[in-house]
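Here are the chains, one letter per residue:
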Amino acid sequence: GESVGLHLPTLSVQEGDNSIINCAYSNSASDYFIWYKQESGKGPQFIIDIRSNMDKRQGQRVTVLLNKTVKHLSLQIAATQPGDSAVYFCAENRVNYGQNFVFGPGTRLSVLP
Amino acid sequence: KAGVTQTPRYLIKTRGQQVTLSCSPISGHRSVSWYQQTPGQGLQFLFEYFSETQRNKGNFPGRFSGRQFSNSRSEMNVSTLELGDSALYLCASSLALKGTPASLEAFFGQGTRLTVV
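All values derive from a computational prediction rather than experimental measurement. All residue numbers refer to positions counted from 1 along the written sequence of the respective chain. Labels are handed out in written order, letters beginning with A for the chains and numbers beginning with 1 for the ligands. Local features in a predicted model are, by the rule used here, given only for residues with pLDDT of at least 70; side-chain atom pairs are given and counted only at 80 or more, and totals for whole chains, interfaces and linings are based on all residues. Hydrogens are left out, water is left out, and the side-chain values use all remaining heavy atoms of the structure.

1. Side note on the sheet that holds strand β2 (residues 19-24) of chain A
Residues and elements named next belong to chain A. Two strands are said to pair when DSSP picks up at least two bridges between them. Note on conventions: DSSP H or I runs of at least 4 residues are helices, E runs of at least 2 residues are strands, and numbering of each starts at the N terminus. With antiparallel pairing, four strands are arranged side by side in an open sheet as β2-β7-β6-β5. A single partner strand is all that each edge strand has here, and the edge strands are β2 and β5 (56-58). Taken over all neighbouring pairs, the strand axes of this sheet differ in orientation by 15 degrees on average, direction set aside. Where β2 meets strand β7 (residues 72-77), six bridges bridge the pair, whose relative direction is antiparallel. In the sheet register, Ile 21 faces β7, and the bridge partner there is Leu 75. An axis is simply a line fitted to the C-alpha atoms; with a helix, the fit covers only the stretch in contact. Between two such axes, the angle follows the N-to-C directions and lies from 0 to 180 degrees.

So, in structure tokens, the structure goes:
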């Protein structure tokens, strides 16, 4: 499959443990954020989103936290599974500006058996 | 429903040539965005088309252009190819209604891998 990134930061976790992936975003005017997962050979896949008027949002096994003061996002994955191994990207946008996402550099998550 | 379809999946071109990539969005989606993905620069926004009009544009040279047809299908063109244009080009479709954050969720295709030699 295609190489997503040769020099990405990597997070290795044991299967069943919780994972926390961090992201610093760049624009204080951004008001909408998405986490994407990209597996080898595939396009990014939506995981969860959050608006700037929230500081936490939960999905199935995933939680996104937003700290606007320090422009920081995190993605928490509970009970990490082998199928979670992928590259994770945060992306920021401004709601009234159409589709114009700025993506973070990505983090490679490796789940150890 | 069918997802985002990009053609071709793989392409090899020679420096100086031009190339056209195609994207068919999800039915009902009027926004199509294009992104370039490279190991060095990551995912970078090229441009967005909405209802046949370019609505947003990233910081790429004029050699990169696009268009959208009345059926929302989009094409991206790169002229005078350079070695550095080798990348995975991703297309994303969404409803992208301004002021409606949930509609910004972008559905990506599998991409076109362009290699310039």
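2. Looking at the environment of Gly 111 of chain B
All names here are of chain B. With respect to the secondary-structure elements, Gly 111 resides in the loop between β10 (107-108) and β11 (112-116). Under the relative-accessibility criterion, Gly 111 is labelled buried at 0%. As for Gly 111 and Leu 21, which are separated by 90 residues in sequence, their C-alpha atoms are 9.6 Å apart. For Gly 111, the residues in contact, after removing those within four places along its chain, are Gln 6, Pro 8, Arg 9, Leu 88, Tyr 89 and Leu 90. Note on classification: 1.4 Å probe, protein chains only; a residue is buried when its accessible area is under 20% of the maximum for its type, exposed when over 50%, partly exposed between these limits. Throughout, a contact is declared for two residues whenever any of their heavy atoms are within 4.5 Å.

3. Things to note about the environment of Gln 38 of chain A
Note on placement: Gln 38 of chain A falls in strand β3 (residues 32-38). Considered as a pair, Gln 38 of chain A and Gly 106 of chain A are 68 residues apart in the sequence and their alpha carbons are 9.4 Å apart.

4. Some remarks on unusual backbone geometry
Cis rather than trans, the peptide bond between Thr 7 of chain B and Pro 8 of chain B has omega equal to -10 degrees. Examined against the element boundaries, Pro 8 of chain B turns out to sit in the loop between β1 (5-7) and β2 (10-13). The phi dihedral of Ala 79 of chain A is positive, around 45 degrees, even though this residue is not glycine. Within the fold, Ala 79 of chain A resides in the loop between β7 and β8 (86-93). By relative accessible area, Ala 79 of chain A is classed as partly exposed at 36%.

5. Regarding the pattern of salt bridges
All names here are of chain B. Salt bridge, as applied in this entry: a Lys or Arg side-chain nitrogen positioned within 4 Å of an Asp or Glu carboxyl oxygen. Applying the stated criterion across every chain, the model contains eight salt bridges over all chains. In this structure, the salt-bridge partner of Glu 75 is Arg 73, at a minimum N-O distance of 3.4 Å. In this structure Glu 75 comes out as buried when scored by relative accessible area, which is 16%.

6. Quick look at the layout of surface pockets
Of the two site types, the cavity is a set of points on a 1 Å grid over the protein atoms alone where a 1.4 Å probe fits but cannot get out, and the pocket is an open set with protein on both sides within 12 Å along at least five of seven lines, each lined by residues with an atom within 4 Å of a point. Grid points are joined across faces, edges and corners, and a volume is the space filled by probe spheres set on the points. As a volume, the largest pocket reaches approximately 270 Å³. Lining the largest pocket are 14 residues, and of these Val 102 of chain A together with Leu 43, Gln 44, Phe 45 and Asn 59 of chain B sit closest to its centre. Of all the secondary structure elements, the ones that give two or more residues to the lining of the largest pocket are β9 (102-103) of chain A together with β5 (42-50) of chain B. If you tally residues by element for the lining of the largest pocket, the top one is β5 of chain B, at four residues. Ten residues, namely Ala, Val, Leu, Ile, Met, Phe, Trp, Tyr, Cys and Pro, are considered nonpolar, four, namely Asp, Glu, Lys and Arg, are considered charged, and the remaining ones, Gly among them, are considered polar. Of the residues contributing to the lining of the largest pocket, the split by class is six nonpolar, seven polar and one charged. Taken as a whole, the second largest pocket spans an internal volume of roughly 150 Å³. In terms of lining residues, the second largest pocket is bounded by Pro 44, Gln 45 and Phe 46 of chain A together with Gly 3, Val 4, Ile 26, Glu 105, Ala 106, Phe 107 and Phe 108 of chain B. Mapped onto the lining of the second largest pocket, the elements with two or more residues apiece are β4 (45-51) of chain A together with β10 of chain B. The residue inventory of the lining of the second largest pocket, partitioned by class, reads seven nonpolar, two polar and one charged.

Keep in mind that these numbers describe shape and distance, not what the molecule does.
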